[in-house]
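Inside the fold
Given next are the chains, with one letter for each unit.
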Amino acid sequence: MSIMFKEMNTEQVQRYMEFMIPSYAENVSSNTGVPKEAALHDAKTQLHTLLAEENRKKDQYIGYIFCAEKEANVGVIWYNTQKERDRIFIYHIYIEEAFRKMGYASAALTHMEEAAKHEGIGNLALNVFAANEAAQHLYKRLGYETASMMKTKKL
């Protein structure tokens, strides 16, 4: 399968944020116990800051995962190149529902690895919610190791 990344324009980034903010807030709330209103406020603040146009020009990248064979965008990838830390931090990788379990996430992460090596970057990093077992399985299969864990206790 042949995939490439196609950078989003400002309008596409705005549509992505409309989708991502409530989704991310819901994940934060359900996985960490943060009240939904606070999680939504934090998600809006974080995404509007990180994805502001001036910040996207500073080693940030957000784009579509494009499959040449399907002639379609199959997902989204958002990452930050941190040369001083010798890593690329993947904020979000998302595969559209219709294209899941077809190898696109693996292909996108492999493509990311090749790009990182080409840039002389030695590490990829990301966070994953504990409840996202499918993603955890994928990352383990691709050789990612647990570097830290957040624990919570509901009272």
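Residues numbered from 1 in each chain as written. Predicted model: local features only at pLDDT ≥ 70, side-chain atom pairs only at ≥ 80, totals over all residues. Heavy atoms only, no water.

1. Topic: the overall build of the protein chain
Counting secondary structure elements, the protein chain contains five helices and five strands. Put simply, the protein chain runs from its N terminus to its C terminus through helices and strands in the order β-α-α-α-β-β-β-α-β-α. Along the three orthogonal principal directions, the C-alpha set of the protein chain runs to about 50 × 35 × 35 Å. Relative to its 155 residues, the protein chain shows a buried fraction of 39%. Long-range contacts, defined here as pairs at least 24 residues apart, represent 56% of the contacts in the protein chain between residues at least 6 apart. Here the protein chain displays about 10000 Å² of accessible surface, and carbon together with sulfur accounts for 50% of that area. A distance of 5 Å separates the average location of the 19 positive side-chain charges in the protein chain from that of its 20 negative side-chain charges. (Helix = DSSP H or I, 4+ residues; strand = E, 2+ residues; numbered from the N terminus. Buried < 20%, exposed > 50% of the residue type's maximum accessible area, 1.4 Å probe, protein only. Contact = heavy atoms within 4.5 Å. Areas by Shrake-Rupley, 256 points an atom, 1.4 Å probe, with all protein chains shown as cover. Lys, Arg positive; Asp, Glu negative; His and termini not counted. Charge placed at Lys NZ, Arg CZ, Asp CG, Glu CD.)

2. Section: the packing of aromatic side chains
One pass over the structure, following the stated rule, counts nine aromatic pairs. Consider the rings of Phe5 and Tyr61, whose centres lie 6.4 Å apart with planes at 35°: the pair is tilted. Separated by 56 residues along the polypeptide, Phe5 in strand β1 (residues 3–7) and Tyr61 in strand β2 (residues 60–67) bring together distant segments of the chain. We classify Phe5 as buried; its relative accessible area is 16%. Aromatic side chains Tyr24 and Phe129 sit 6.3 Å apart centroid to centroid with 45° between the ring planes, which places their arrangement in the tilted category. Of this pair, Tyr24 sits in helix α1 (residues 10–32) while Phe129 sits in the loop between β5 (123–126) and α5 (133–141), placing them 105 residues apart in sequence. (Phe/Tyr/Trp six-rings, centres within 6.5 Å; stacked < 30°, edge-to-face > 60°.)

3. Re the pairing of β2
The two faces of a sheet get side chains in turn, since along a regular strand they alternate between them. Within β2, eight of the eight residues are buried, which leaves the element mostly enclosed by the surrounding structure. As paired strands, β1 and β2 are joined by five bridges and run antiparallel to one another. In the strand pairing of β2, Phe5 is matched with Ile65. Pairing geometry for β2 and strand β3 (residues 72–82), over eight bridges, is antiparallel. Counterpart to Phe66 in the pairing with β3 is Asn73. (Pairing = 2+ DSSP bridges.)

4. Side note on the packing of helix α4 (residues 104–118) against α5
One way to put it is that α4 packs onto α5 with a least axis distance of 11 Å and a crossing angle of 45°. In terms of orientation, α4 and α5 fall into the oblique class. As α4 packs across α5, the resulting crossing turns out to be right-handed. The residues of α5 that touch α4, namely those facing Ala105, Ser106 and Leu109, are Leu138, Tyr139 and Arg141. Its residues assigned to classes, the contact of α4 with α5 comprises four nonpolar, one polar and one charged. (Axes fitted to C-alpha atoms, helices over the stretch in contact; angles between N-to-C directions. Parallel < 35°, antiparallel > 145°, perpendicular 65-115°, else oblique. Left-handed = near helix turned anticlockwise from the far one by under 90°. Nonpolar A, V, L, I, M, F, W, Y, C, P; charged D, E, K, R; others polar.)

5. Brief notes about the sheet that holds strand β4 (residues 87–95)
Judged by pairing direction, the sheet is mixed, and its five strands sit side by side in the order β1-β2-β3-β4-β5 without closing on themselves. Each of the sheet's edge strands pairs with one partner strand only, and the pair in question is β1 and β5. If you compare each strand with its neighbour and ignore which way they point, the axes differ by 35° on average.

6. Observations regarding the nonpolar core
With 27 residues, the main nonpolar core has Phe5 and Ile65 as its most contacted residues. Elements represented by at least two residues in this core include exactly β1, β2, β3, β4, α4, β5 and α5. Here the element with the most residues in this core is α4; it accounts for seven residues. Not counting the four nearest positions on each side in its chain, Phe5 is found in contact with Tyr61, Tyr64, Ile65, Ile77, Tyr79, Ala108, His111 and Met112. In this structure, Met8, Met20, Ala39 and Leu47 belong to the second largest nonpolar core, which totals 17 residues. (Core = buried A, V, L, I, M, F, W, Y, C linked by side-chain atoms within 4.5 Å.)

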